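Here's the letter readout for the chains.
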Amino acid sequence: MPNVAHEVRVWWDNQLPRRKRAYKILAVFSAVVVVAAAVIVPIALRSSGPSPCMREGATDVVHQGANHECVGFTDGSFVYAPQLAAVEQAVRAENRQVVAQHPDDYVSVLLLLPISADKGSILSMTNAVEQVRGAYTAQHYANRSNVEGIAPYIQLLTGNDGYQANQWQTATPAIERATDQHIAAVTGLGLSLRTTQQAVSDLTAHHIPVFGATITSDTYDNIKNFVRVSPSNQDNMSAALSYVRGDYTRAILVEDGNAGDSYDATLVSGFKKFDAFPGHRIVGVEPYDTTGRDNATDKADRAQQEAEVETRISQMTGDICTQQPAVVLFAGRGQDLGVLLHALSNTCMDKPIRIVSGDDVTNLPNTAQLRQDLKGHVTVDYAGVAHPDEWTAAHDASARQAEADGARGYDTFIKQYGPLFHATSTADLGDGNTMMAYDATLTAITAIRLAEQRQPRPDAVANELGVLQGVHKVLGAGGPIQFTANYQTSHTGSNPVDKAMPILRLQPNGNPRVMTVKWPARTAPVG
């Protein structure tokens, strides 16, 4: 009889190498699972929210949107675009000095802009650079001068809410929860878009005061906890129409139908008042629409939408030519005006054509093509927000004190700006963007110091907005700045009181020249 126990033992012993191999395989498999879990779980956790572009110290910038834009805020440690590198480096150095020397006696002012290098972006990268320069100039000045006191000291943060401010829902919550950065005010904004207004509404609802620099749409006239240093479109258009009405009794209105762009929409309503002048009328309307371009989710779609806008605008030349003489009232963005200017420069060669528009002409890049287009029979005039020559051009006997205050404010600005940026001329200040960003930031700093606290909270600063008048008016580079901040019984509580407006003309070299200066209190409203 066979020894079954012995045979079983022999068989089992013969399986030992195989079992060892199996154990090894199982061990390796288990290790792989453990390692994979260690890798996959953090990836899954990170993918539940946007991945950071940089999160360190006073920088919180994350990837967002289809194009993975870097959205958030920084103390200059992160650079949104190469063009901003030099000025961000200067901001970073100033911030480090402030935080190191005054750790318990500083607050942050955050300059929020829609920074994008995309071709469809309304705010040009040049504009973004200029506004950061202006804000830095105000910071540098205030940290060394008495601006309603010498403290608290100012850290400047630069924020980005993405292409056309479409990523505001990421940017503003980051600002609101950054209590460790002592953010006392937000300034800048850049564009009068629906997305910008949503950002303003969100920030001000959290009692963070917002100081607009170059936004002019009438939809911002009366927002609690918000003020702006630029005039409204209503004031701008009243100034522009009073300037041109003596030369033309007929007008052609070119209007953007983008309801999400309140700058364009309020420009349209302002220009339509041309009909209100006795003997004046609008004899033609040329519509186009940039809604698709602003709402495009990727670069290919934006390029397609941009091409469609350019095609439509280029088709307007025939009707404009046949209606001459008539001033062309352009209610649209600067980049789109450039398309019309180029198209008109090659048509109607025997007829002088004059285009009048609003302050977004400053976002029209000064290119070789622009300069060539301006050498012919087409003239471009616009109501601006600031210009370095406006105080030598302004001669209104009833505004002598305001003109003197404007000249003083500009002198303070240029004495800071020149050495900081080694500027030997004022040509790069002609679009007013640097001056207005300086004014908005200086106004925010004034309100901060009027709160008379070491590190005032935003709501304390918001309570000071109505103080910014009379003896506490701000002497800005673009003129004296005052507010009533009366949001209950006024419809214009957010607007500056009687803000000077230069009327400008683009020269063949692409730079603007001051034609005259208008004051709202001395310009009769139309309609």
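Above this note sits the structure.
So, here is what we can say about the structure in this document. (Residues numbered from 1 in each chain as written. Predicted model: local features only at pLDDT ≥ 70, side-chain atom pairs only at ≥ 80, totals over all residues. Heavy atoms only, no water.)

1. So, the pattern of salt bridges
Then comes step 1: By the definition in use, this model includes 18 salt bridges.
Then comes step 2: A salt bridge links glutamate 94 to arginine 144; the nearest nitrogen and oxygen atoms lie 2.9 Å apart. Pair noted here: glutamate 94 is in helix 3 (residues 85–101) and arginine 144 is in the loop between helix 4 (125–142) and strand 5 (153–160), with a separation of 50 residues, a long-range link.
Then comes step 3: For glutamate 94, a relative accessible area of 5% gives the class buried.
Then comes step 4: Between aspartate 381 and arginine 505 there is a salt bridge, with the nearest N and O atoms lying 2.7 Å from each other. On the criterion of sequence distance, the pair formed by aspartate 381 in strand 13 (residues 378–383) and arginine 505 in strand 16 (residues 501–506) is long-range, its members being 124 residues apart.
Then comes step 5: With relative accessibility at 1%, the residue aspartate 381 sits in the buried group.
Then comes step 6: Residues participating in the shared-partner salt-bridge network are Asp247, Arg354, Asp381 and Arg505. (Salt bridge = Lys/Arg side-chain N within 4 Å of Asp/Glu carboxyl O. Helix = DSSP H or I, 4+ residues; strand = E, 2+ residues; numbered from the N terminus. Buried < 20%, exposed > 50% of the residue type's maximum accessible area, 1.4 Å probe, protein only.)

2. Regarding the packing of aromatic side chains
The way to describe two aromatic rings as a pair is by their centre distance and the angle between their planes.
Then comes step 1: Under the definition given, this model contains 9 aromatic pairs.
Then comes step 2: Judged by centre distance (5.8 Å) and plane angle (50°), the ring pair of tyrosine 220 and phenylalanine 226 falls under tilted. Taken individually, tyrosine 220 and phenylalanine 226 each receive the classification buried, so the pair is uniform in this respect.
Then comes step 3: Measuring from ring centre to ring centre gives 6.0 Å for tyrosine 410 and phenylalanine 413, while their planes differ by 45°; the resulting arrangement is tilted. Of this pair, tyrosine 410 and phenylalanine 413 are both found in helix 15 (residues 400–421), 3 residues apart, which corresponds to roughly one turn of the helix. The residues tyrosine 410 and phenylalanine 413 share a single accessibility class, namely buried. (Phe/Tyr/Trp six-rings, centres within 6.5 Å; stacked < 30°, edge-to-face > 60°.)

3. Focus: the environment of histidine 207
Then comes step 1: Counting through the fold element by element, histidine 207 comes out in the loop between helix 6 (194–205) and strand 7 (210–212).
Then comes step 2: Overall, histidine 207 belongs to the partly exposed group, its relative accessible area being 48%.
Then comes step 3: Not counting chain neighbours up to four residues away, the residues in contact with histidine 207 comprise Asn225, Pro458, Asp459 and Ala462. (Contact = heavy atoms within 4.5 Å.)

4. Describing the pairing of strand 13
The side chains of a regular strand alternate, first on one face of the sheet and then on the other.
Then comes step 1: Where burial is concerned, most of strand 13 is hidden: 5 out of the 6 residues are buried.
Then comes step 2: Traced from strand 12 (residues 353–357) through helix 13 (residues 368–373) to strand 13, the parallel crossover comes out right-handed.
Then comes step 3: Relative to strand 16, strand 13 runs antiparallel, the two sharing 3 bridges. Counterpart to alanine 383 in the pairing with strand 16 is isoleucine 503. (Right-handed = clockwise from strand over helix to strand, strands pointing away. Pairing = 2+ DSSP bridges.)

5. Overview of the sheet that holds strand 1 (residues 52–56)
Then comes step 1: The mixed open sheet is built from 8 strands, whose spatial order is 1-2-3-5-4-6-7-8. Edge positions in the sheet fall to strand 1 and strand 8 (226–228), since each has one partner strand and no second. Direction aside, neighbouring strands of the sheet carry axes that sit 20° apart on average.
Then comes step 2: With 4 bridges connecting them, strand 1 and strand 2 (residues 59–64) associate as antiparallel partners. The partner of glutamate 56 across the bridge, within strand 2, is threonine 59. (Axes fitted to C-alpha atoms, helices over the stretch in contact; angles between N-to-C directions.)

6. Remarks on unusual backbone geometry
Then comes step 1: Residues alanine 151 and proline 152 are joined by a peptide bond in cis, for which omega reads 5°.
Then comes step 2: In this structure, proline 325 follows glutamine 324 across a cis peptide bond, with omega equal to 5°.
Then comes step 3: Note that proline 325 resides in the loop between helix 11 (317–322) and strand 11 (327–331).
Then comes step 4: Residues other than glycine seldom take positive phi values, yet alanine 485 does so here, at roughly 50°.
Then comes step 5: Assignment of secondary structure puts alanine 485 in the loop between strand 15 (479–481) and strand 16.

7. Points about the state of the cysteines
Then comes step 1: Overall, the coordinates contain 2 disulfides when judged by the stated rule.
Then comes step 2: Covalently, cysteine 53 is tied to cysteine 70 through a disulfide, its sulfur atoms 2.2 Å apart. Looking along the S-S bond of the cysteine 53-cysteine 70 disulfide, the torsion reads about -95°, which is the left-handed sense. Separated by 17 residues along the polypeptide, cysteine 53 in strand 1 and cysteine 70 in strand 3 (residues 69–74) bring together distant segments of the chain.
Then comes step 3: Look at cysteine 70 and you get buried, because its relative accessible area is 19%.
Then comes step 4: With a sulfur-sulfur separation of 1.7 Å, cysteine 321 is cross-linked through a disulfide to cysteine 348. Note that cysteine 321 is positioned in helix 11 and cysteine 348 in the loop between helix 12 (334–345) and strand 12, a separation of 27 residues in sequence.
Then comes step 5: Its relative accessible area of 15% is what places cysteine 348 among the buried residues. (Disulfide = S-S within 2.5 Å.)

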